[in-house]
Amino acid sequence: MPVTIRSTRAHTDNADTGIRLLEAFFRGAAPDGGLYLPENLPRLSDEVWDSRGVRPDFARLAGNVLEQLFPEDAPTGGWHSLAQRAFPFGPVLRPAGRHLLLELYHGPTCAFKDFGARFLAQVLESELERRGGSLTILTATSGDTGSAVGSAFHGLRNIDVVILYPKGRISKLQQKQLTTLGGNVSAVEVDGAFDDCQSMVKDMFADTQLSAELRLSSANSINLGRLIPQSLYYIWAAAALRADVQASAATTGVEGSRRADYVGAVPYFTVPSGNFGNLTAGVLAFQSGMPASGFLAATNLNDVVPHYLRTGHYAPRESTATISNAMDVGTPSNFERLHAMFSGDYRRMGALIRGEAIDEDTTRLNIKRYYEEYGLLVCPHTAVGLAAADRLGTGEYDGGSVSVVLATAHPGKFSDVVEEATGRQPDIPERLQEALDKPGHAVPMPADSRKLREWLATAGESRAGR
Ligand SMILES: *Cc1c(COP(=O)(O)O)cnc(C)c1O
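Residues numbered from 1 in each chain as written. Predicted model: local features only at pLDDT ≥ 70, side-chain atom pairs only at ≥ 80, totals over all residues. Heavy atoms only, no water.

Engineer: So what exactly am I meant to see when it comes to the pattern of salt bridges here?
Structural biologist: Close approach of charged atoms allows side chains of opposite charge to pair. Within this structure, the stated rule accounts for 19 salt bridges. Across the pair Glu103 and Arg94 runs a salt bridge, and its minimum N-O distance is 2.6 Å. The exposure class of Arg94 is partly exposed, given its relative accessible area of 35%. Among the ionic pairs, Arg453 bridges to Asp207, the shortest N-O distance being 2.7 Å. Within this pair, whereas Arg453 is found in helix α18 (residues 449–464), its partner Asp207 is found in the loop between α7 (194–206) and α8 (208–213), the two being separated by 246 residues in sequence. Taken together, the shared-partner salt bridges in this structure form one network comprising Arg98, Arg369, Glu373 and Asp390. (Salt bridge = Lys/Arg side-chain N within 4 Å of Asp/Glu carboxyl O. Buried < 20%, exposed > 50% of the residue type's maximum accessible area, 1.4 Å probe, protein only. Helix = DSSP H or I, 4+ residues; strand = E, 2+ residues; numbered from the N terminus.)

Here is the structure:
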């Protein structure tokens with residue numbers, strides 16, 4: 001039986017039969033305002049965890065896992081070929097003090113969002129090739145999401161992308177990443193705030209005629225097509241740990257060497273969180289049978305979820321600005337998913353997930369400390385994760401657990417903060433430097449939905465004639 005996808009707001013007792021996986025990717029949000037979640041996920045077979053002493057190749061493992069979870073929902077060409085196209089990069093696991101860092105920033109825009117955006121782009125494109133037709137992805141960004149989406153969809157034949165960003169309110173690097181792509185990716189610079197960009201996007205989707213003509217679609221983080229691929233690197237990490245254990249047993253043959261200490265050990269994941277998509281993806285992986293002893297939701301001052309885990313009281317509020325700004329979220333969009341996955345019971349959620357909030361000074365201190373003690377440069381989001389894991393004392397190979405902290409962005413993306421804390425300027429990866437050196441192009445736009453509608457309609461015609 002294929003996996004059924006159902007909205008968090010669907011009542012299983014009415015006749016809601018749910019939809020299929022790829023349909024959920026095209027729809028984004030559910031029509032009832034809820035978020036899609038897979039039901040009856042199958043359990044992954046033992047073979048996934050047995051890598052015979054070699055850390056698995058990420059794209060191969062991804063193809064395998066998708067094939068096992070969604071055998072009846074594969075896009076044209078199959079999951080293996082899709083994974084090869086989506087993931088020409090992968091995660092890296094390396095020691096950081098008492099922890100292992102799971103580095104997720106080796107993709108094109110140097111943050112973990114590349115995994116989700118590239119997977120979604122490749123699935124949508126391959127489906128459009130088969131069905132015919134085209135799409136326009138319209139999205140507003142306050143920085144990082146837009147660049148991952150723009151880069152992931154850049155150069156596709158059947159999908160255009162329009163990204164709105166607030167003038168003067170994103171970093172220079174982010175602006176370059178958005179405006180230097182060109183081709184099928186248009187950057188629109190709005191004379192207003194991020195909220196203006198968002199409400200303009202909403203107005204376009206509410207205009208049913210325009211929305212139908214342009215086949216508007218969104219690629220934001222609530223799309224299940226961005227969540228599913230994020231489960232894959234948790235599974236990879238668990239398999240890689242198992243492989244390390246097998247390798248050390250094979251070479252030393254001795255119990256008690258440092259590596260062999262974690263024979264049978266399972267990961268305890270610490271996840272720097274904002275909208276909680278990443279954490280939700282980890283819990284999905286756990287539901288499909290990935291061994292894990294638990295999760296730590298690490299936040300900055302925006303501590304709505306840690307507060308909920310402590311008290312059972314969910315109190316969303318305006319976000320507070322911090323140096324780990326990709327996690328400045330006061331109303332985490334994926335909370336509705338987490339809530340549904342634990343049947344609204346905070347004690348059940350708390351049995352698997354702990355929460356910890358980290359203040360600004362502690363974040364800075366940890367950027368400095370990890371540099372001075374271990375020679376590691378980490379971005380402020382990753383530092384929040386390390387600080388939370390240290391505070392709760394996860395780490396070492398204790399209690400059968402190995403502490404794995406997700407490193408969500410390359411330190412070079414946040415070089416000002418990192419340099420201020422450590423006195424050392426992080427290297428800027430070549431692919432970011434290239435964008436910085438190119439001239440950018442953006443369409444100037446007042447914060448006025450009518451003007452955006454006019455521009456979209458004419459730009460849409462010229463695209464149709466291309
Ligand atoms: C988006 C982002 C986060 C937060 O991830 P969520 O899935 O929204 O919880 C953390 N760190 C970085 C660098 C990000 O870009």
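Engineer: I tried to follow empty space enclosed by the protein on my own but got confused; where do I start?
Structural biologist: Where empty space is left becomes clear once a probe the size of a water molecule has been rolled over the atoms. The final tally for this structure, using the stated rule, is 3 cavities of 30 Å³ or more. Computed from the structure, the largest cavity encloses a volume of approximately 80 Å³. The wall of the largest cavity is formed by Pro38, Leu41, Leu66, Leu69, Phe70, Ile228, Ser231, Leu232, Ile235, Leu284, Ala285 and Ser288. Counting residues per element, the ones that place at least two in the lining of the largest cavity are α2 (58–69), α9 (224–252) and α10 (277–287). Take the lining of the largest cavity: its biggest share by element is 4 residues, from α9. (1 Å grid on protein atoms, 1.4 Å probe; cavity = no way out; pocket = protein on both sides within 12 Å on 5 of 7 lines; lining within 4 Å. Points joined across faces, edges and corners; volume = space filled by probe spheres on them.)

Engineer: What am I meant to see in helix α6 (residues 172–179) here?
Structural biologist: Since one α-helical turn is 3.6 residues long, residues separated by three or four positions face the same way. Burial analysis of α6 places 6 of its 8 residues in the buried class, the great majority of the element. Residues of α6 that are buried include every one of Leu173, Gln174, Lys176, Gln177, Leu178 and Thr179, and no others. Close packing links the buried residues of α6 with α5 (144–153), β6 (159–166), β7 (185–191) and α17 (430–437). (Contact = heavy atoms within 4.5 Å.)

Engineer: I would appreciate a short explanation of the site of the ligand in the present structure.
Structural biologist: The ligand sits among 15 residues. The nearest are Lys113, Gly274, Asn275, Phe276 and Thr408. Here Lys113 contributes a side-chain N or O atom positioned 2.5 Å from an oxygen atom of the ligand. In this structure, an oxygen atom belonging to the ligand sits 2.8 Å away from a main-chain N or O atom of Gly274. Tallied by class, the residues present in the shell around the ligand amount to 6 nonpolar, 7 polar and 2 charged. (Near = heavy atom within 4 Å. Polar contact = N/O pair within 3.5 Å; in protein donor to acceptor, adjacent residues only side chain to side chain. Nonpolar A, V, L, I, M, F, W, Y, C, P; charged D, E, K, R; others polar.)

Engineer: Just to check I follow, could you spell out the sheet that holds strand β11 (residues 353–357) for this structure?
Structural biologist: Strands in a sheet are paired, the pairing made by backbone hydrogen bonds, and the direction either parallel or antiparallel. Spatial ordering of the open sheet is given by β3-β4-β12-β9-β10-β11, a layout of 6 strands whose pairing is mixed. In the strand order of this sheet, the two ends are held by β3 (92–96) and β11, each with one partner. Strand-to-strand twist of the sheet, defined as the mean angle between neighbouring strand axes without regard to direction, takes the value 25 degrees. Relative to strand β12 (residues 401–407), strand β4 (residues 99–103) runs parallel, the two being bridged by 4 bridges. For Leu100, the partnering residue across the bridge sits in β12 and is Val404. The sheet contacts of α10 involve β9 (266–272), β10 (294–299), β11 and β12, and relative to β10 the element is tilted by about 175 degrees. Across the sheet, helix α11 (residues 304–311) is in contact with β10 and β11; its angle to β11 comes to roughly 125 degrees. (Pairing = 2+ DSSP bridges. Axes fitted to C-alpha atoms, helices over the stretch in contact; angles between N-to-C directions.)

Engineer: Honestly, the layout of surface pockets in this entry has me stumped. Any pointers?
Structural biologist: Roughly 370 Å³ of volume is contained in the second largest pocket. If you trace the second largest pocket, you find 15 residues lining it, with Ser171, Lys413, Phe414, Ser415 and Asp416 closest to the centre. Counting only elements with at least two residues in the lining of the second largest pocket, the list comes to α6 and α16 (415–422). Looking at the lining of the second largest pocket residue by residue, the classes come out as 6 nonpolar, 5 polar and 4 charged.

Engineer: Just checking my understanding: could you explain the packing of α2 against helix α3 (residues 78–86) for this structure?
Structural biologist: Two packed helices can be described by the angle between their axes and the distance between those axes. Packing of α2 against α3 brings their axes to within 8 Å, and their N-to-C directions diverge by 145 degrees. Two packed elements cross with a definite hand, and for α2 against α3 that hand is right-handed. In contact with Ala59, Arg60, Ala62, Gly63, Asn64, Leu66 and Glu67 of α2, α3 contributes Trp79, His80, Ala83 and Gln84. (Left-handed = near helix turned anticlockwise from the far one by under 90°.)

Engineer: Looking at this structure, how should I read the packing of aromatic side chains?
Structural biologist: Within a pair of aromatic rings, the relevant descriptors are the distance that separates the centres and the angle that separates the planes. A complete count under the given rule lists 19 aromatic pairs for this structure. Considering the side-chain rings of Phe89 and Phe115, the 5.0 Å spacing of their centres and the 65 degrees angle between planes classify their relative orientation as edge-to-face. Of this pair, Phe89 sits in the loop between α3 and β3 while Phe115 sits in helix α4 (residues 113–131), and the two are 26 residues apart along the sequence. Pair check on accessibility: Phe89 and Phe115 agree, each one buried. Relative to Phe295, the ring of Phe269 has its centre 5.8 Å away and its plane inclined at 20 degrees; by these criteria the two rings are stacked. With Phe269 in strand β9 and Phe295 in strand β10, the pair connects residues that are 26 residues apart, well separated along the chain. Neither residue differs from the other here; Phe269 and Phe295 are each classed as buried. Cluster of aromatic residues (ring-pair linked, three or more members): Phe58, Phe87, Phe89, Phe115, Tyr233, Tyr234, Phe269, Phe286 and Phe295. (Phe/Tyr/Trp six-rings, centres within 6.5 Å; stacked < 30°, edge-to-face > 60°.)

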